[in-house]
Amino acid sequence: MDLNFFKQTRILDGGMGQELLARGMEPNGTLWSANALLHEKYHQLLLDTHLDFIKSGAEVIVTTTFTTRKIRLKDNNVEDKYDYLNIKAGEIAQKAKKRYPKTLVAGGLPPQYLTYEADTRSEKEIEDNFYSQAKLLNPYIDFFYFDVLSSVREFKIAIESIKEFDKPYLIGAHISEGTNLPSGEKISEIINKINHEKLLGIILSCISPENYDLNLKEIKSLNIPFGFKLNGFVRTNPKPNYTGAYNKSKTGNPNEFLGVRRDLTPEKMLEFAKKFKDAGATIIGGCCETTPLHIKAFSKLK
């Protein structure tokens, strides 16, 4: 893959987990999008959702592997399905690519422990988790995407874990609020404290448009391709934590405890995206609560 791919404007897909729920997938514990992989009756729905994002203008789709990490499967008593779920995610993404061969598939590697929190476990345990998931996804993808990680340490470990696969990677850092990662570190440290060899670019992922605006100056100053996957949640820092809030929810849909913003229509989201593109952003996509209609609006920026 060309390491310069994101130096020109590229459109990513939107939020698969929330879109699948909106299309009728039933919640199942904290499995979220992994439930569409677990049950064969949802496989076509998952494929159709990938295809709808592509038809709306997405040049890159991300494997539905955000909740196929070991800890989340263990929490839901389906850890024995780990290999199957990650492989199935790759297979279904490849089916979409077969229909639209110019589409690139990003292998989504999520935080390997909790969401929106820095992973404080041992380096070996984190690296083993990243490596085992990356190994399963590797045959099906064009590059790796570190999806919503929360600390420099996690990025460093994740990058080390994929070296043998000799594929480039896109960094997706998360900031819940303000201008620091959940670890307390700055965005620039992800670039300055790590030796990058196959870096495609950096985005802030699962972030509100307003909070992205707060961090725009710093991410632009890094002088590498940059962009975003914007979400439509009210907040991304539930108390005491994401899993605890999820377990107390009545519907099993994350938007119950994270809230949904009704103001972020495709037209409004496009206004934000245009502002960021005018500032130099070339990697343009959506995260939770962004639909194919949002991506269709973003595609006008090509």
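The shown structure was predicted, so the numbers you read here are calculated from the model rather than taken from an experiment.

Colleague: I'd love a proper account of the layout of surface pockets, names of residues and values included.
Modeller: Unfilled space is identified by rolling a water-sized probe across the atoms. The volume enclosed by the largest pocket comes to roughly 200 Å³. Taken together, K156, I159, E160, I162, K163, D166, K167, Y169, I194, N195, E197 and K198 make up the lining of the largest pocket. No other element matches the three residues that helix α7 (residues 152-161) contributes to the lining of the largest pocket. Estimates place the volume of the second largest pocket at around 160 Å³. Y116, E117, N237, P238 and K239 are the residues nearest the centre of the second largest pocket, which is lined by 13 residues in total.

Colleague: Quick rundown of the pairing of strand β7 (residues 226-230)? Include the residues and the values.
Modeller: Where burial is concerned, most of β7 is hidden: five out of the five residues are buried. Residues F226, F228 and L230 point to one face of β7 and G227 and K229 to the other, with burial holding for every one of them. Here five bridges tie strand β6 (residues 199-207) to β7, and the two strands are oriented parallel to one another. Within β7, the residue paired with L204 across the bridge is F228. In this region the chain leaves β6, passes through helix α9 (residues 209-220) and returns to the parallel neighbour β7; the handedness of that crossover is right-handed. In the sheet, β7 pairs with strand β8 (residues 283-286) via four bridges, with the strands oriented parallel. When the sheet's bridge partners are listed, G227 is paired in β8 with I283.

Colleague: Tell me about helix α5 (residues 82-99), and please be specific about residues and values.
Modeller: Taking 1.5 Å of rise per residue, 18 residues should cover 26 Å, and α5 covers 27 Å from first to last C-alpha, within 8% of that figure. What α5 keeps buried is the set Y82, L85, N86, K88, A89, G90, I92, A93, A96 and K97. Summarising the contacts, the buried residues of α5 are in contact with α2 (34-38), α3 (43-55), β2 (60-62), α4 (70-75), β3 (104-109) and α6 (123-137).

Colleague: Mind laying out the side chain of T64, listing which residues take part and the relevant values?
Modeller: Here T64 shows up in the loop between β2 and α4. Residue T64 is classed as buried on the basis of its relative accessible area of 2%. Sequence-distant contacts of T64, that is, excluding residues within four places in its chain, are made with M16, S33, L37, L46, H50 and A89.

Colleague: A description of the sheet that holds β8 should follow, citing residues and the corresponding values.
Modeller: Read across the sheet, eight strands follow the order β1-β8-β7-β6-β5-β4-β3-β2 without closing on themselves; strand pairing throughout is parallel. Where the open sheet ends on each side, the last strands, each with one partner, are β1 (10-11) and β2. Alignment of strand β5 (residues 169-173) against β6, held across five bridges, turns out to be parallel. Bridge assignment links Y169 to a residue of β6, and that residue is L199. Running over the sheet, α6 touches β3 and β4 (143-149) and is turned about 160° from β3.

Colleague: Please provide a residue-by-residue account of the pairing of β4, values included.
Modeller: Side-chain direction in a regular strand flips from residue to residue, so the side chains alternate between the two faces of the sheet. Burial of β4 is extensive: seven of the seven residues sit out of reach of the surface. As paired elements, β3 and β4 share four bridges and run parallel to each other. Note that in β4 the partner of G107 across the bridge is F144. Handedness of the crossover joining β3 and β4 through α6 is recorded here as right-handed. Here five bridges tie β4 to β5, and the two strands are oriented parallel to one another. In the strand pairing of β5, F144 is matched with Y169. In this view, the connection linking β4 to its parallel neighbour β5 by way of α7 has right-handed handedness.

Colleague: Mind laying out the packing of aromatic side chains, listing which residues take part and the relevant values?
Modeller: Counted by the stated rule, this structure contains twelve aromatic pairs. Note on F228 and F298: the rings are 6.3 Å apart at their centroids and 80° apart in plane angle, and the pair reads as edge-to-face. A residue pair is termed long-range when its members are at least 10 positions apart, and F228 in strand β7 and F298 in helix α13 (residues 292-298) qualify at 70 residues. Residue class for F298 comes out buried when judged on its relative accessible area of 0%. Members of the aromatic cluster, each reached through a chain of ring pairs, are Y212, F228, F272, F276 and F298. Directly above the aromatic system of F5 lies the positively charged group of R10, at a separation of 3.8 Å from the ring centroid. The aromatic ring of F66 is capped on one face by R69, whose charged end is 4.7 Å from the ring centroid.

Rules used in this analysis
- Going along each chain's sequence as written, the residues are numbered from 1 onward.
- Local features in this predicted model are restricted to residues whose pLDDT is 70 or higher, and side-chain atom pairs enter the listing and the counts only when it is 80 or higher, whereas totals over whole chains, interfaces and linings include all residues.
- The side-chain figures draw on all heavy atoms in the structure; neither hydrogens nor water molecules are used.
- As defined here, a cavity is a set of points on a 1 Å grid over the protein atoms alone where a 1.4 Å probe fits but cannot get out. A pocket is an open set with protein on both sides within 12 Å along at least five of seven lines, and residues line them when an atom is within 4 Å of a point.
- Grid points are joined across faces, edges and corners, and a volume is the space filled by probe spheres set on the points.
- Runs of H or I in DSSP of at least four residues are treated as helices and runs of E of at least two as strands, each being numbered from the N terminus.
- The cut-offs for exposure are 20% and 50% of the maximum accessible area for each residue type, with area from a 1.4 Å probe on protein chains only; residues under the lower value are buried, those over the upper are exposed, and the others partly exposed.
- At least two bridges found by DSSP between two strands is the condition for calling them paired.
- Crossover handedness is defined by viewing with both strands directed away from the observer: a clockwise path from the first strand over the helix to the second marks the crossover as right-handed.
- In this analysis, the expected span of each helix is defined as 1.5 Å times one less than the number of residues it contains.
- Here, two residues are considered to be in contact whenever any of their heavy atoms come within 4.5 Å of each other.
- For every element, the axis is a line fit to its C-alpha atoms; helices are fit only across the contacting stretch, and the angle between N-to-C directions ranges from 0 to 180 degrees.
- We call Phe, Tyr and Trp rings a pair once their centres come within 6.5 Å, taking the six-membered ring for Trp, and we label the pair stacked below 30 degrees between planes, edge-to-face above 60, and tilted otherwise.
- Lysine NZ or arginine CZ positioned within 6 Å of the ring centre and within 35 degrees of the ring normal marks a charge as sitting over the ring.

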